Amino acid sequence: FAKHHYDLVYCDHLQMGVYLDILPSGIPVILDEHNCESELARQRATKSRNPIKKWFLKLEYRKLKMFEARIVNRADKTIVLTKEDKACLEEAGARGDFELIPIGVEDTGVKKYRGKRNPMRLLFLGTLTWEPNVSGIEWFLENVYPCLNNAQLVIAGKGISGQLKEKALSFGAEVLGYVENVNDVYDDCDAMVVPLFMGSGQRVKIIEAFSKGMPVITTSIGIEGIHAEDQREALIADSPKQFVESINIIQNEDIYLSIAESARRRYEEDYSTQMILNRIKSVVASVLKPDSRA
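Residues numbered from 1 in each chain as written. Predicted model: local features only at pLDDT ≥ 70, side-chain atom pairs only at ≥ 80, totals over all residues. Heavy atoms only, no water.

1. Here we look at helix H1 (residues 37–47)
Among the residues making up H1, those that are buried are Glu 37, Ser 38, Glu 39, Leu 40, Ala 41, Gln 43 and Ala 45. Buried residues in H1 make contact with helix H2 (51–74) and helix H3 (83–91). (Buried < 20%, exposed > 50% of the residue type's maximum accessible area, 1.4 Å probe, protein only. Helix = DSSP H or I, 4+ residues; strand = E, 2+ residues; numbered from the N terminus. Contact = heavy atoms within 4.5 Å.)

The following block contains the structure:
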C-alpha cells in the first residue's frame, strides 16, 4: 500500500476485512456485506444435532460476531442487502454507517413461455457445495417431490456430491450439474423452487428468475429482503403442503402469467443493474475526499 496512492478501498465481502488493519490511515473504506455472516454461523450452530459440532459452531459464531462488528465499525460505509442484515449487524455490536442497496442482475431478457405443460418443469438452481442449498434440496426431494404428480424437477448447479446426485436420481429428478449457459435452462423450465431454510442477505437466483419472468416458489427465509408479495411476485411456502399447493396454483395459466409479469415488473423497478449502479456511485461519492472526486 505504501507504494501507491488510493482514493478509496472497496472491500467486497467480510472476508476481505482481514486486510483493513494494514491500510494506511485516512483512506476511505466501503464494506460490501453480502450476508450477515455471523447470523449464518448462528443458524448452522442451532441446526446441528451433533453436540461436539454444535459446541464448536457456537464458538465460531461468537468469534465471527466480534470480528464482523469490528470490521463494520472500521469501514466508513457498509452496504447491506436487507434491513434484516442491518438489524443483525447492529445486534452484534456494529455501529457503522449503513446503506441499504439490494443486489442487481444483468437483464438477459424474458424467458420463452412454452404454454401450459404437463409435467411442469421445476428448476432448482444453485451451488451445491453451499450447505443451505444442499439441505434445502434434500428436504424438497424427501418431503415435497413425492407428493407431486404433474411436475418434473430439474437440478442445475456446480459441485453436486455423488451421494446427493444418487438421491436425486432415485427420486426421479433430472440432474444437469454445472451448465454453461443458464439462459437455456431458464427457457427449458417453467418455474423455480427455492426451498431455503437458513441464510441471510438476498438470493441472487430469485432476482434473476424475476428478471426472466419466471415464477418462484420459495420460503419466508428465501424471499427475505426481496420486495415481493405472496401470490403477486412470488409464492411463499414453508411446509410440504404449502409447496404442493403453490405448485398446483401456478398450473393455472392465468395465475402463472400474472405472477410472471409482476415478477418481471418488480425486477425492472428495483433490481436492474442501472438502478443499483446509480446507488453505488452515490455511496462512493459520499465517502471520497473532495479532492478525489474530480
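Picking up after the structure, the text goes on.
2. Points about the packing of aromatic side chains
Here the structure, examined in full by the defined rule, presents five aromatic pairs. Taken together, a centroid distance of 5.8 Å and an interplanar angle of 75 degrees make the contact between Phe 140 and Phe 243 edge-to-face. Of the two residues, Phe 140 sits in helix H4 (residues 131–143) while Phe 243 sits in helix H8 (residues 240–249), which places them 103 residues apart along the sequence. We note that Phe 140, like Phe 243, is buried. Sitting over the face of the ring of Phe 124, Lys 205 holds its NZ or CZ atom 4.8 Å from the ring centroid. (Phe/Tyr/Trp six-rings, centres within 6.5 Å; stacked < 30°, edge-to-face > 60°. Lys NZ or Arg CZ within 6 Å of the ring centre and 35° of its normal.)

3. As for a nonpolar patch on the surface
Residues Met 16, Val 18, Tyr 19 and Ile 22 make up a contiguous nonpolar surface patch of about 400 Å² in total accessible area. As for its placement among the helices and strands, Tyr 19 is situated in the loop between strand S1 (9–12) and strand S2 (29–33). For Tyr 19, a relative accessible area of 46% puts it in the partly exposed group. (Patch = residues over 30% accessible without salt bridge, like charges linked within 9 Å, V, L, I, M, F, W, Y side chains within 5 Å. Areas by Shrake-Rupley, 256 points an atom, 1.4 Å probe, with all protein chains shown as cover. Salt bridge = Lys/Arg side-chain N within 4 Å of Asp/Glu carboxyl O.)

4. Thoughts on the state of the cysteines
Applying the stated criterion across every chain, the model contains one disulfide. Put simply, Cys 36 and Cys 88 are joined by a disulfide, and their sulfur atoms are 2.1 Å apart. An S-S torsion of about -55 degrees defines the bridge between Cys 36 and Cys 88 as left-handed. Within this pair, whereas Cys 36 is found in the loop between S2 and H1, its partner Cys 88 is found in helix H3, the two being separated by 52 residues in sequence. Its relative accessible area of 15% is what places Cys 88 among the buried residues. Residue Cys 11 stays outside any disulfide, its sulfur separated by 15 Å from that of Cys 36, the closest cysteine. Relative accessible area serves as the criterion here: at 3%, Cys 11 is assigned to the buried category. (Disulfide = S-S within 2.5 Å.)

5. Some words on the pattern of salt bridges
Scanning all chains against the criterion turns up 18 salt bridges. Between Arg 42 and Glu 39 there is a salt bridge, with the nearest N and O atoms lying 2.8 Å from each other. Of the two residues, Arg 42 and Glu 39 are both situated in helix H1; the distance of three residues between them amounts to about one turn of the helix. On the accessibility criterion, Arg 42 (32% relative accessible area) is partly exposed. Glu 233 is the partner of Arg 266 in a salt bridge, and the nearest nitrogen-oxygen pair spans 3.3 Å. With a gap of 33 residues between them, Arg 266 in helix H9 (residues 253–270) and Glu 233 in the loop between strand S9 (216–218) and strand S10 (235–236) connect regions that are remote in the sequence. Taken as a pair, Arg 266 and Glu 233 share a single burial class, namely buried.

6. A short note on the sheet that holds strand S7 (residues 174–177)
If you trace the six strands from one edge of the open sheet to the other, you get S7-S6-S5-S8-S9-S10, paired in parallel fashion. Every interior strand has two partners, whereas the edge strands, S7 and S10, have only one. Pairing of strand S5 (residues 120–125) with strand S8 (residues 191–194), which is carried by two bridges, proceeds in the parallel orientation. Pairing of Leu 123 across the sheet is with Met 192, part of S8. Most of the contacts of H8 go to S9, to which it runs at about 170 degrees, and overall it touches S5, S8, S9 and S10. (Pairing = 2+ DSSP bridges. Axes fitted to C-alpha atoms, helices over the stretch in contact; angles between N-to-C directions.)

7. Some points on the environment of Val 80
As for its placement among the helices and strands, Val 80 is situated in strand S3 (residues 77–80). Using a relative accessible area of 1% as the deciding quantity, one classes Val 80 as buried. For the pair Val 80 and Glu 99, spaced 19 residues apart in sequence, the C-alpha separation works out to 6.2 Å.

Remember, this is a structural readout, not a statement about activity or role.
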